[in-house]
Amino acid sequence: MSSAPFSPDVQVVHDSDVPLHVQISDALAAMIMSGEIAPGTRLENEVSMAKRLDVSRPTARQALQSLADRGLVKRRRGAGTVVTSPHVRRPMQLSSLLTDLEQAGFEVETRVMAYNTHRATEDEAQRLEIESGAPVTFIQRLRLADGDPIALMSNLIPSDIAPTHEELEENGLYNRLRANGVVPSYATQVIGARNATLMEAEALGEKRGVALLTATRVAYDNQGRVVDYGTHIYRASRYSFETKFFAD
């Protein structure tokens, strides 16, 4: 028998300037993000919440939908409202997503969606700083954490150092490069945001047009050779970059 739905202890102020649904969703979001409400917890339905908090049913529905829009819960007919897996915060450093997720305690899965070798176009050659027509390998992978899609990663690599299809299903790109004697030592990276295409949304389990984080990275070895040109997209509802700054 399934456990009873969880009824969070939320305090609402009816005469506040802050809308009731915002008070409820912000309080629940804080509990979820802090771990006070664990992933997998089934929350009470909107009828129960409305009655218990003395708000209207549309207000309760709006609060729960706000959590769903932020990726903090999943709402499914028959299953109710269930808290999702934790949000991933990734430090801004030269490491692979696989390593960062594993260190954060996630069970990680990689699916190689595309793998092909071809002659570099002029644009690809410019990005990798090689001769046009040189062999390059294009790789696209879907990275999952605890069964949920997190990122869709596309990488262009000189073919002479590219890991095999099988190696990439078992390990991270940078780990495989290092194992093969190629050591990424520094990189340039640009972080941005845009809306998901239909293909991207389907791959990441999101709705078309949802906001995505983007990262374009060029990695170099200690000789200054470009060893990877990567364009990655991440679910903004589940993922963020974390940066530390130090005062002069």
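No experiment lies behind these values; they were computed from the predicted model shown.

Parameters and conventions
- Residues numbered from 1 in each chain as written.
- Predicted model: local features only at pLDDT ≥ 70, side-chain atom pairs only at ≥ 80, totals over all residues.
- Heavy atoms only, no water.
- Helix = DSSP H or I, 4+ residues; strand = E, 2+ residues; numbered from the N terminus.
- Buried < 20%, exposed > 50% of the residue type's maximum accessible area, 1.4 Å probe, protein only.
- Areas by Shrake-Rupley, 256 points an atom, 1.4 Å probe, with all protein chains shown as cover.
- Pairing = 2+ DSSP bridges.
- Axes fitted to C-alpha atoms, helices over the stretch in contact; angles between N-to-C directions.
- Expected span 1.5 Å × (residues − 1).
- Contact = heavy atoms within 4.5 Å.
- Core = buried A, V, L, I, M, F, W, Y, C linked by side-chain atoms within 4.5 Å.
- Arc of directions from axis to C-beta.
- Polar contact = N/O pair within 3.5 Å; in protein donor to acceptor, adjacent residues only side chain to side chain.
- Phe/Tyr/Trp six-rings, centres within 6.5 Å; stacked < 30°, edge-to-face > 60°.

Caption draft 1: Representation of the overall build of the protein within the structure. When its secondary structure is counted, the protein shows 8 helices and 11 strands. In the protein, which comprises 248 residues, the proportion classed as buried is 43%. A total of about 13,500 Å² of accessible surface is found on the protein, and carbon and sulfur atoms cover 49% of it.

Caption draft 2: Representation of the sheet that holds strand β7 (residues 148–158). Across the sheet, 6 strands lie side by side as β5-β6-β7-β10-β9-β8; this open sheet has antiparallel pairing. At either margin of the open sheet sits one strand with a lone partner, and together these are β5 (108–119) and β8 (184–195). Between one strand and the next, the sheet's axes are offset by a mean angle of 15 degrees, whatever the strand orientation. The pairing of β5 with strand β6 (residues 135–145) spans 11 bridges and is antiparallel. Residue pairing across strands places V108 opposite A145, the latter belonging to β6.

Caption draft 3: Inspection of helix α1 (residues 20–34) at higher detail. The end-to-end C-alpha separation of α1 is 21 Å, in line with the 21 Å expected for 15 residues at 1.5 Å each. Within α1 the residues assigned to the buried category are Q23, I24, S25, L28, A29, M31 and I32. The inward-facing, buried residues of α1 contact α2 (46–53), α3 (57–69), β2 (73–76) and β3 (80–83).

Caption draft 4: Representation of the nonpolar core in the model. Core analysis: the largest hydrophobic core is formed by 20 residues, its most contacted members being V10, I24, L28, I37, M49 and L67. Elements with a minimum of two residues in this core: α1, α2 and α3. With 5 residues, the single largest contributor to this core is α1. Discounting chain neighbours no more than four positions away, the residues touching M49 are I24, L28, E44, V55, A60 and L64. If you look at the next biggest cluster of nonpolar residues, it comprises 12 residues, including I161, A162, L173 and A219.

Caption draft 5: Representation of α2 within the structure. Of all the positions in α2, only E46, M49, A50 and L53 are classed as buried. With its buried residues spanning 100 degrees around the axis, α2 presents them on a single face. Looking at the packing, one finds that the buried side of α2 touches α1, α3 and β2. The N-cap of α2, judged by a side-chain oxygen 3.1 Å from the amide nitrogen of V47 a few residues on, is N45.

Caption draft 6: Examining the packing of aromatic side chains more closely. The final tally for this structure, using the stated rule, is 1 aromatic pair. Consider the rings of Y186 and Y220, whose centres lie 5.0 Å apart with planes at 10 degrees: the pair is stacked. Here Y186, found in strand β8, pairs with Y220, found in strand β9 (residues 211–221); they are 34 residues apart in sequence, far enough to count as distant. A relative accessible area of 41% places Y186 in the partly exposed class.

Caption draft 7: Inspection of the side chain of S154 at higher detail. Along the chain, S154 falls in strand β7. Polar contacts involving the side chain of S154 include one to the side chain of Q140, which spans 3.2 Å. Ignoring any residue separated from it by four or fewer positions in sequence, one finds S154 in contact with F138, I139, Q140, Y229, G230, T231 and H232.

Caption draft 8: Quick peek at the side chain of E200. With respect to the helices and strands, the residue E200 is situated in helix α8 (residues 198–204). We classify E200 as buried; its relative accessible area is 10%. With sequence-adjacent residues up to four places away left out, E200 is seen in contact with L152, R194, N195, L212 and I233.

Caption draft 9: Inspection of the sheet that holds strand β1 (residues 42–43) at higher detail. Taken together, 3 strands build an open sheet; the order of strands is β1-β3-β2 and the sheet is antiparallel. The sheet terminates laterally at β1 and β2, the two strands that pair on one side only. By the bridge criterion, 4 bridges tie β2 to β3 in an arrangement that is antiparallel. For K74, the partnering residue across the bridge sits in β3 and is V82. Against the sheet, α3 touches β1, β2 and β3, its axis set at about 120 degrees to β2.

Caption draft 10: Just unusual backbone geometry, in detail. Even without being a glycine, E129 presents a positive backbone phi close to 60 degrees. Assignment of secondary structure puts E129 in the loop between α5 (122–128) and β6. With phi around 50 degrees, D146 is a residue other than glycine that occupies positive phi space.

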